[in-house]
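This is what each chain is made of:
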Amino acid sequence: MRRSARPDPGRFPYLDDRTGVRSERAPLALAHRGFAPEGGENTMEAIGRAVGLGFRYVEIDVRASSDGVVMVFHDEHLDRVTDARGPLVERSAAELEALSVEGRGGIPTLEAVLLRWPELRLNIDVKTDDCVRPFAELINRLRAYDRVLVASFSDRRRREVLRLLEEPTASSAGMVVNACVKAAAPLGLAGVVARRARVQALQVPETYRGVRVVTPRFVAACHAAGLQVHVWTINDREDMDRLLDLGVDGLVSDAGDVLTECLAARGTPLRD
């Protein structure tokens, strides 16, 4: 097994998974939308199931309701996983909480998740512009800066969130900055791009449109720039081991049970 030096998380405790008697930082294990093998993604039940497996990190998505409440939900429309139809933004928080998400409870508010599991760290994809201000206001009110990582496919939206937050908060690159870092890495300029973009991690697929993103050279260049590399969405055990051997700093997975077994076998269990 080849180990790679990991970048120092510095002033962003979110990125440091060092708990209990563990003295060395472990790779971040992120449960994708909680753990919902039978449905109910992004629900309190799915998140609770991930916590029950030992996960300290959960990846979720947020959107704003019609009355400006931050809701934990992935899709623009309700149709795929609920018993309702139409855009989420057209419904109030109370209406959304009352829906059935594949029989696993309603759509939770982000505030409810943060209050229910005060030690849980959340990788949060801010999906829409109308969610930016209520999201930042909630994080400021709860002083949850060390518990969240701000993510978005839109770097403009991500930076607007960071501008509104009152204290430094970890962030991962959107699509444009990911591409810029990838292009700048061979020139030794990845760190410059990352600092200007205010990111501490790149969260990327292993391949994108047939092009391999995660390579030994890419991981080494990111580490040299002080950046962590998190790869999504990895559900196969062989892929997990291969990427961890490559030195990536985190894996996002739907298969929380498989990832749990993988890390335990490698000597970095989720529970000490």
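Each remark here, short or long, concerns the structure printed above.
Criteria and thresholds
- Residues numbered from 1 in each chain as written.
- Predicted model: local features only at pLDDT ≥ 70, side-chain atom pairs only at ≥ 80, totals over all residues.
- Heavy atoms only, no water.
- Helix = DSSP H or I, 4+ residues; strand = E, 2+ residues; numbered from the N terminus.
- Polar contact = N/O pair within 3.5 Å; in protein donor to acceptor, adjacent residues only side chain to side chain.
- Salt bridge = Lys/Arg side-chain N within 4 Å of Asp/Glu carboxyl O.
- Buried < 20%, exposed > 50% of the residue type's maximum accessible area, 1.4 Å probe, protein only.
- Phe/Tyr/Trp six-rings, centres within 6.5 Å; stacked < 30°, edge-to-face > 60°.
- Contact = heavy atoms within 4.5 Å.
- Axes fitted to C-alpha atoms, helices over the stretch in contact; angles between N-to-C directions.
- Left-handed = near helix turned anticlockwise from the far one by under 90°.
- Nonpolar A, V, L, I, M, F, W, Y, C, P; charged D, E, K, R; others polar.
- Parallel < 35°, antiparallel > 145°, perpendicular 65-115°, else oblique.
- Core = buried A, V, L, I, M, F, W, Y, C linked by side-chain atoms within 4.5 Å.

Attention shifts here to the side chain of Thr43. Structurally, the position occupied by Thr43 is in the loop between strand 1 (28-32) and helix 1 (44-53). A polar atom in the side chain of Thr43 sits 2.5 Å from the backbone oxygen of Gly40.

Turning our attention to the pattern of salt bridges. Scanning the model with the defined rule gives 24 salt bridges in all. Residue Arg104 is joined to Glu38 by a salt bridge in which the shortest nitrogen-to-oxygen separation is 3.3 Å. Placement of the pair is Arg104 in the loop between helix 2 (93-97) and helix 3 (110-116) and Glu38 in the loop between strand 1 and helix 1, with a sequence separation of 66 residues. Judged by relative accessible area, which is 24%, Arg104 ranks as partly exposed. In this structure, Glu206 and Arg212 form a salt bridge, with 2.8 Å as the shortest nitrogen-oxygen distance. Residue classification places Arg212 among the partly exposed positions, given a relative accessible area of 46%. One connected set of salt bridges, linked through shared partners, spans Arg33, Glu41, Asp61, Asp75, Arg80, Asp125 and Lys127.

Applying the stated criterion to the full structure yields one aromatic pair. Taking 5.2 Å as the distance between ring centres and 85 degrees as the angle between the ring planes, the aromatic pair formed by Tyr14 and Tyr57 counts as edge-to-face. One end of the pair, Tyr14, is in the segment before strand 1; the other, Tyr57, is in strand 2 (residues 57-64), and 43 residues separate them in sequence. Since its relative accessible area comes to 1%, Tyr14 is described here as buried. Relative accessible area serves as the criterion here: at 1%, Tyr57 is assigned to the buried category.

Looking now at helix 8 (residues 216-224). Turning to helix 8, its buried residues are Phe218, Val219, Ala221, Cys222 and His223. Looking at the buried side of helix 8, the elements it contacts are helix 6 (175-184), helix 7 (190-197), strand 7 (201-205), strand 10 (228-232) and helix 9 (237-246). One or two residues past the end of helix 8 sits Gly226, with phi positive at roughly 80 degrees.

Attention now moves to the packing of helix 4 (residues 132-142) against helix 5 (residues 155-164). When two helices pack together, their arrangement is given by the angle between their axes and by how far apart the axes lie. Direction vectors running N to C along helix 4 and helix 5 enclose 35 degrees, while the axes themselves pass 9 Å from each other. Crossing of helix 4 over helix 5 shows right-handed handedness. From helix 4, Val132, Arg133, Phe135, Ala136 and Asn140 reach across to helix 5, where they touch Arg157, Glu160, Val161, Arg163 and Leu164. In terms of residue class, the contact of helix 4 with helix 5 is built from five nonpolar, one polar and four charged.

Turning our eyes to something else, we now look at the packing of helix 6 against helix 7. Between helix 6 and helix 7, the shortest axis-to-axis distance is 8 Å and the interhelical angle comes to 160 degrees. Judged by the angle between their axes, helix 6 and helix 7 are roughly antiparallel. Between helix 6 and helix 7, the contacting residues are Val177, Cys180, Val181 and Ala184 on the first element and Ala190, Val193 and Ala197 on the second. Of the residues assigned to the contact of helix 6 with helix 7, the class counts are seven nonpolar, no polar and no charged.

Looking at the secondary structure, you find Ala173 in the loop between strand 6 (170-171) and helix 6. C-alpha of Ala173 to C-alpha of Asn235: the two residues are 62 residues apart in sequence and 22 Å apart in space. Every residue in contact with Ala173, bar those within four places of it in the chain, is listed here: Ser152, Asp155, Arg158, Asn178, Val199, Ala201 and Leu202.

Counting 64 residues, the largest nonpolar core has Leu110 and Phe135 as the members making the most contacts within it. For this core, the leading source of residues is helix 4, giving five residues. In this view, Leu110 contacts Ile60, Val62, Val70, Val72, Leu122, Ile124, Phe135 and Leu138; residues no more than four positions away in its chain are not counted. If you look at the next biggest cluster of nonpolar residues, it comprises 11 residues, including Met71, Val81, Val101 and Ile107.

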